[in-house]
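Observations on the model geometry
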Amino acid sequence: MKSLFKSLSSVKLAIVLLIIITAASGLGTLIPQLRSHDEYFARYGQWANLFQRLQLTKLYQSWWFIALLLLFALNIIVCTLDRLSPKLKRSFRPRVSVEEKEIAVLKIKEKLKKHMNLDSARELVKRELSTKHYRVRETQEENKSFLYARKRVLGWFGADIVHLGILIIIAGGIISGIGGFRWNLTFSEGRILEIPRADFKLKLDKFETEYYPNGSVKDWKSTLTVLEDEKPVLTKIVEVNHPLSYKGYVFYQSSYGWDWTSPSVEIWAKKRQNPSFLKKMELKIRERVPLEGEDIEVSMLEFIPDFVIGDQGQITTRSLEPNNPAAFIEGWQGEEKIFSGWIFAKFPDFDRIHSEKETDLTFELKDFKASQVSVIQLSKDPGVNFIWAGCIFLMLGLLFAFYWPTREIRMVMEGIGNKTEIIAGGIASKSKDAFQSEFAKITESIRRSK
Amino acid sequence: MNESTLFLITFILYILATVFYFAFLFSKKENPAKTGFKFAFAGLLVHTLALIWRTVESGHAPFTNMYESLSFLAWASILAYIVIEWKFKIRKAGPYFMLIVIALMALASSPLMPKEATPLVPALQSYWLWLHVSVTLLGEAFFAFAFITSILYLVADAKEKRGEKTGLSAEKLDSVSYRCIAIGFPLFTLGGIVFGMVWAYNAWGSWWSWDPKETWSLITWFVFALYLHTRIVMGWKGRRSAYIAIIGFLAALFTYFGVNYLLTGLHSYA
């Protein structure tokens, strides 16, 4: 048990762990994470199995990486506690009296003589020290007086505060990992969705995409209303970087798309032999619309936003973007089908219509409309406040460690009749030059004052 | 007058500063160094004007593509240099550090870097862009100086061991490396890690995603944490410290530059 504590309290272990965690983190950026087995097989061949078994393909979520982080956290706790108690003792119950030779070995020191008795010399010294914001402790021994003055004691604890911050961040990470979850909500305007594991609902009132003059997306804006018991309680426009928070849930504008299941399209019917013939019609999925002046009804069976013929000859969509919109239409005369096939918005001359019966008609897909859908990411992250608290400790600790160095001044004052001999020495944990000049100023003003 | 003219004037001023610094290094006279410093300072002022111009013209922070970001890093490096020169008086490292600035400016002006300002994608429309990028790059500028002083340390240390004289003592170089890291590390932590997490939480809904850029900034942070622990707790100084500082800067450089070109992830825009 003792040896376990000893190895956990060693800085060497901390350094070894730091190096291993660094190397593992780097490895995780070289192997793409959380992909499918097929993708790994294509990339690494036989090695794919080994990589997956070692969890290198979900490295940051793997049991061994998390175990390393936990061991590291434990190491930080033990190391910090191990060094904390002597520091706490030094700061709360410092030793005030010293041997003169302890001051003699310090690099920053001074000897002074004052023509006044011990009591007035002591008052003078204390005044000078407190004008420089030192806190003074003293003890007395016959004709000797010992002074221990100190300031910026937090400097000693800078590293500990940093470590505390890191531990809080790790704790927050654990809490987020266990209690947090994320979910994508895909909405079209007017839809109301239930929020998983919550007692309220969310309605998308409005969704709009704003564009820059050059056509690239400027912003997505979703107007969301929170409904409790079917009553609206809160409405907010959610944009990227401007999420909505409600009852521990945060809603982000994550993505957008179109609802291609119920588009409406505009189709132009023409006749090859009669260039002046043009009939426009609006079609929705599975809705038979009569073609004006002809004994024909047209219907659309399917709409595909990004038409492509797959490897096995199957018709599918390559993406949800309207890159190659296509509609499958049928023409009916009563109960008799006279034609059917694909027409393409981008290739008006290229139709794949098979006619069962002689017809002079051609069709063009002129326009298509689908309602836009907004993808809202919902996340619940119960650890996030720990993260911010940890970050504050981290930064404060760094500032204390680097820029708030503890300064200590010790003095032995000996009263000999109406004279007082003062031996002073100082220690600073960092920026010794600045301390040296402060020390010189203090001793100089003690020498001069009366 | 436009932004690219100002950029060009800045570049020329930095080159002149570098030339005078090297003249100082080889002539061992003080005057060229003073002139060099003046040119560097004038360059910083014109560069500041160029960045303001860019900001006004594009309507967003001047670091949203590689050209802007390199130019900003060069600006931050000169700013860091002026602070370091003022605080630590280490003029003889100036010429070498100026070479990094020149390299950044040259890379920024190379035809590989598209110069036109494009409108911001939704994810970048946030004031966190200003805080996250500027503070991180300023921190990295101090790492860059520590990188130079660490290399100079290795050279000086080898010379001193052979009993030769050095322009800058190895001890001074070691101490300045440490003090630059003592400035760069808190800045990098604040800008790169803390502001990065806050922004990621606001924009992506997750304060940490193990995205390659995030991971590499953590790796950089770990390397400098290693530098500080080996130095402060285990008393490492000199050569071993210098090697860690060099590795740390290379990790920062990879985070800044390499990740964009070699790995893919959420930070694909910058």
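Being a predicted model, the structure only gives us computed values, none of them experimental.

1. Overview of the overall build of chain A
When helices and strands are counted, chain A shows ten helices and 23 strands. Compactness check: chain A gives a C-alpha radius of gyration of 39 Å against a globular reference of 22 Å for 450 residues, more than 25% above the reference. Along the three orthogonal principal directions, the C-alpha set of chain A runs to about 130 × 50 × 45 Å. Taking all 450 residues of chain A together, 45% fall into the buried category. Put simply, 57% of the contacts in chain A that link residues at least 6 apart link residues at least 24 apart.

2. Comments concerning the side chain of A:Q372
All names here are of chain A. Turning to its location among the elements, Q372 is positioned in strand β21 (residues 372-380). Q372 gets classed as buried once you look at its relative accessible area, which sits at 18%. Engagement of the side chain of Q372 in a polar contact is seen with the side chain of T209, the distance being 3.0 Å. If we ignore the near neighbours within four places in the chain, the residues touching Q372 are F187, S188, E189, F207, T209, Y211, Y256, G257 and W258.

3. Here we look at the pairing of strand β3 (residues 144-151) of chain A
Residue and element names in this part refer to chain A. Across the eight residues that make up β3, a large majority, seven, are buried. As paired strands, strand β2 (residues 135-141) and β3 are joined by seven bridges and run antiparallel to one another. What sits directly across from Q140, in β3, is S145. What sits between the antiparallel neighbours β2 and β3 is a turn of two residues, in which E142 has the positive phi angle 50°. Judged from the eight bridges that link them, β3 and strand β22 (residues 407-416) form a sheet pairing that is antiparallel. The residue bridging A149 from the neighbouring strand is I409, located in β22.

4. Section: the domain arrangement of chain A
Each domain of chain A was delimited in the assignment, giving domain 1 (2-86), domain 2 (94-152 + 405-448), domain 3 (181-258 + 374-395) and domain 4 (264-370). Relative to domain 3 of chain A, the C-alpha centre of domain 1 of chain A lies at a distance of 34 Å.

5. A closer look at the confidence of the model for chain B
Mean pLDDT over chain B stands at 93; residues scoring 70 or higher make up 97%. Here the predicted complex scores 0.88 on pTM and 0.95 on ipTM.

6. With respect to the sheet that holds strand β6 (residues 201-211) of chain A
Residue and element names in this part refer to chain A. Taken in spatial order, the four strands make up an open sheet running β5-β6-β7-β8, and their pairing is antiparallel. The strands lining the two open edges of the sheet, one partner per strand, are β5 (192-194) and β8 (231-238). If you compare each strand with its neighbour and ignore which way they point, the axes differ by 25° on average. In this sheet, β8 lies alongside strand β7 (residues 217-228) in antiparallel orientation, the contact comprising seven bridges. By the bridge assignment, L227 is partnered in β8 with P232.

Calculation rules
- Residues numbered from 1 in each chain as written.
- Chains lettered and ligands numbered in written order.
- Predicted model: local features only at pLDDT ≥ 70, side-chain atom pairs only at ≥ 80, totals over all residues.
- Heavy atoms only, no water.
- Helix = DSSP H or I, 4+ residues; strand = E, 2+ residues; numbered from the N terminus.
- Rg over C-alpha atoms; globule rule 2.2 N^0.38 Å.
- Buried < 20%, exposed > 50% of the residue type's maximum accessible area, 1.4 Å probe, protein only.
- Contact = heavy atoms within 4.5 Å.
- Polar contact = N/O pair within 3.5 Å; in protein donor to acceptor, adjacent residues only side chain to side chain.
- Pairing = 2+ DSSP bridges.
- Domains from an automatic or database assignment.
- pLDDT = per-residue confidence, 0-100.
- Axes fitted to C-alpha atoms, helices over the stretch in contact; angles between N-to-C directions.

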